[in-house]
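# Understanding the architecture of this molecule
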Amino acid sequence: MNRLTIGMFAHVDAGKTTLAEQMLYHTASIKERGRVDHQDAYLDSHAIERARGITVFADQAMMTYQGTVYDLVDTPGHVDFSPEMERAVSIMDAAILVVSAVEGVQGHTETVWQLLHQHAIPVFFFINKIDREGADVARVMDEIRQHLTGDALLLEGPLDDNSLSESETLLEQLAERDEELLEAYLAGERDGAFWLQALQGLVKGHRLFPCVQGSALQDQGIQEFLEQLHLLATAHYDEAADFGGRVYKIRHDDSGIRWTYIKATSGILAVRDELRCCVEASDPYEKVTRLARVNGSKLQMVEQVRAGELFAAAGLSCPAAGDGVGIVKNKLHYDMVPTLTSKVIFEASLNVKEVLQAFYMLDAEDPSLAVIWEESLKEIHVHVMGVIQLEVLQQLVEERFGLRVSFGPPEILYKESIMEPVIGYGHFEPLRHYAEVHLRLEPGARGSGITFESVCHVQQLSSGHQNLIRTHLYEREHHGLLTGMPLTDVHITLLQGAGHLEHTHGGDFREATFRALRQGLEKAHNVLLEPYYDFKIKVELEAMGRVLSDVQRCSGTFEAPEMSASHVVIRGRVPVSTFMNYSTELASFTHGKGVLQLRFGGYGDCHNEQEVIERKGYIKEADPLYTSTSIFCAKGSGYAVPWDEAEAKMHLL
């Protein structure tokens, strides 16, 4: 039996979940159609989703249509939950992108399209709400072709071999997109089966994007859309190959059992099979204790799963969202990352370990939270996309763990880096301990994070000790010197190192490594980085001057505007800190007609570095996690040497 995974995507309120309900109803997967506004949608199974009327979690349901099983995955449409949406993209065979016939292409619509386009996911457009006042399918098709893809094709009426062979207009449009098809068309080829296969190939190859119009709420166009989806969405999986899969989410049930959600990309997996999960672990294999197919909030226990299926596995503790398992060894990296940080606030009567454990569990389910425990301050910090996410987190923590928490005002997540190469030296030699480490620190490419290599010979320092140094460098975030914010975009090279046969113990290289890193930072030209948006703004011509002025006021830059007869499109780059609330301002002076798309554009030099440094008021000498002082030994006792004197005392120089 064929099996495909179909993702549901849209700007918030475009009608995505309502369309999913109709598709499940038409395939007899559910007995009654739920509605978001009635708080009974099948795929919005969480109380939080039903209360708020938005999709927060990427949940799935199974439906069968004409012999093919579809796993339908409903993804969040609100920008605050974009990381959840992005994690789901990696498992899609095809995507349904819902666009409102009234509002048309909106900011988040473009963000979703770019993500799907980047992953080369075949996309089917459903132009929804054609029954609403102000609906204009022709205008929306123009917007799709202008802002998303020129290869969008509106399909009307039934689609089969006969209709294909009789539609000269459709055949011409297919022939325009492929030289071989053009030759076949000019040669008089009119066989419907040939052209259906050609259409399937163009869709699968991400070269043509079918569009259908309808009304999910009024049940218009749903059956036609299902038929076209069934005919044109294709996928092939090899069950004969060794098992491979991709983790797309982690969940914990009411009993605290960890379920790892996986898309099987090849082979067969059975209960009690050992599965390769973590390449870097000492024992990378874990035994699968239970397997389940997932349908809404229900788990159906099974003995085995096959290529193409979505399933949940118990017994796996190592893999995270984005990891490959089995023969799939690479790990995905995500573009949609939080740019804000917030402190978790809770009453002193609560057990801090219990609160921290709850957030670590949430962090496993949503790695973008990047939960940080500040030991010195006894504070928990999380990374978030926006205020709505914090509100949902607050409710989630109370419902799942019975803990009442709140959050401090979200602040910009700054980072730090360096401008030129330096060498850092660290020595740790209190009585009966010994380790010395020399590190070269170099600026890395923006977005590269912390990278490591070693040029130290194993005859000088064993490979085990070298791996230990690498492990310590990656075990936690390191504070920069300017504001105490995370260090990033630094390439670290281990130059030399030394231990002692008798006196080197487990934590000695950790101490020497951290001191070498920090001693290097003391000598470096440190720089503060801030997150940037890549923006795209579409407004009427008379609003262009205002927008350009606003971008400059916000310390942004822009490209030459793209003008048409009535509108202008402006693209550029601007700091998140100055532009994060601009959507409200734009809506006000354009009377809701302006379209704003914001996409995380990585980190760049902070536009007001000194102001931020002064506001943060970070004192590195008061940071217990920070010390650049080396420890040497003389006359049977250790003594401290400050960073600017330590280099001259190193043993390996």
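This text goes with the structure placed above it.
Fair warning: this is a prediction, and the values are worked out from it, not measured in the lab.

What counts, and where the lines are drawn
- Residues numbered from 1 in each chain as written.
- Predicted model: local features only at pLDDT ≥ 70, side-chain atom pairs only at ≥ 80, totals over all residues.
- Heavy atoms only, no water.
- Patch = residues over 30% accessible without salt bridge, like charges linked within 9 Å, V, L, I, M, F, W, Y side chains within 5 Å.
- Areas by Shrake-Rupley, 256 points an atom, 1.4 Å probe, with all protein chains shown as cover.
- Salt bridge = Lys/Arg side-chain N within 4 Å of Asp/Glu carboxyl O.
- Lys, Arg positive; Asp, Glu negative; His and termini not counted.
- Charge placed at Lys NZ, Arg CZ, Asp CG, Glu CD.
- Helix = DSSP H or I, 4+ residues; strand = E, 2+ residues; numbered from the N terminus.
- Buried < 20%, exposed > 50% of the residue type's maximum accessible area, 1.4 Å probe, protein only.
- Arc of directions from axis to C-beta.
- Contact = heavy atoms within 4.5 Å.
- Phe/Tyr/Trp six-rings, centres within 6.5 Å; stacked < 30°, edge-to-face > 60°.
- Lys NZ or Arg CZ within 6 Å of the ring centre and 35° of its normal.
- Polar contact = N/O pair within 3.5 Å; in protein donor to acceptor, adjacent residues only side chain to side chain.
- Pairing = 2+ DSSP bridges.
- Axes fitted to C-alpha atoms, helices over the stretch in contact; angles between N-to-C directions.

## Focus on a negative patch on the surface
A surface patch of like charges, here negative, comprises D160, D161, E166 and D191. With respect to the secondary-structure elements, E166 resides in helix 6 (residues 161–166). Judged by its relative accessible area of 65%, E166 is exposed.

## Regarding helix 8 (residues 179–186)
Within helix 8, the full set of buried residues consists of L181, A184 and Y185. The buried residues of helix 8 occupy an angular sector of 100° when the element is viewed end-on, so they sit on one face. Opposite the buried face of helix 8, by more than 90 degrees, sit the exposed residues E179, E180, E183 and L186. Considering only its buried residues, helix 8 is in contact with helix 7 (168–175) and helix 9 (192–204).

## Quick notes on the packing of aromatic side chains
Under the counting rule described, the total for this entry stands at 11 aromatic pairs. Counting every residue linked through ring pairs, the aromatic cluster contains W113, F125 and F209. Above the plane of the ring of Y261 lies K249, whose end atom (NZ or CZ) is 4.6 Å from the centre. The ring of F589 has R546 sitting right over it, with the charged end atom 4.1 Å from the ring centre.

## Here's the deal with the environment of S165
Along the polypeptide, S165 turns up in helix 6. S165 sits 26 residues away from D191 along the chain, and the two C-alpha atoms are 5.9 Å apart.

## Comments concerning the side chain of D93
Residue placement: D93 occurs in the loop between helix 3 (82–89) and strand 4 (94–100). Engagement of the side chain of D93 in a polar contact is seen with the backbone nitrogen of T5, the distance being 2.7 Å. Polar contacts involving the side chain of D93 include one to the side chain of K263, which spans 3.4 Å. Those residues in contact with D93, other than ones at most four positions away along the chain, are R3, L4, T5, P122, A235, Y237 and K263.

## Things to note about the sheet that holds strand 14 (residues 298–302)
Judged by pairing direction, the sheet is antiparallel, and its six strands sit side by side in the order 14-13-16-9-8-17 without closing on themselves. Taken across any chain shown, the strands that pair with only one partner, and hence form the sheet edges, are strand 14 and strand 17 (324–326). Recorded for the sheet is a direction-independent mean angle of 40° between the axes of neighbouring strands. Note: strand 9 (residues 258–266) against strand 16 (residues 310–314), five bridges, orientation antiparallel. By the bridge assignment for strand 16, Y261 is matched with A312.

Everything listed here is a matter of coordinates, which is why it stays silent on function.
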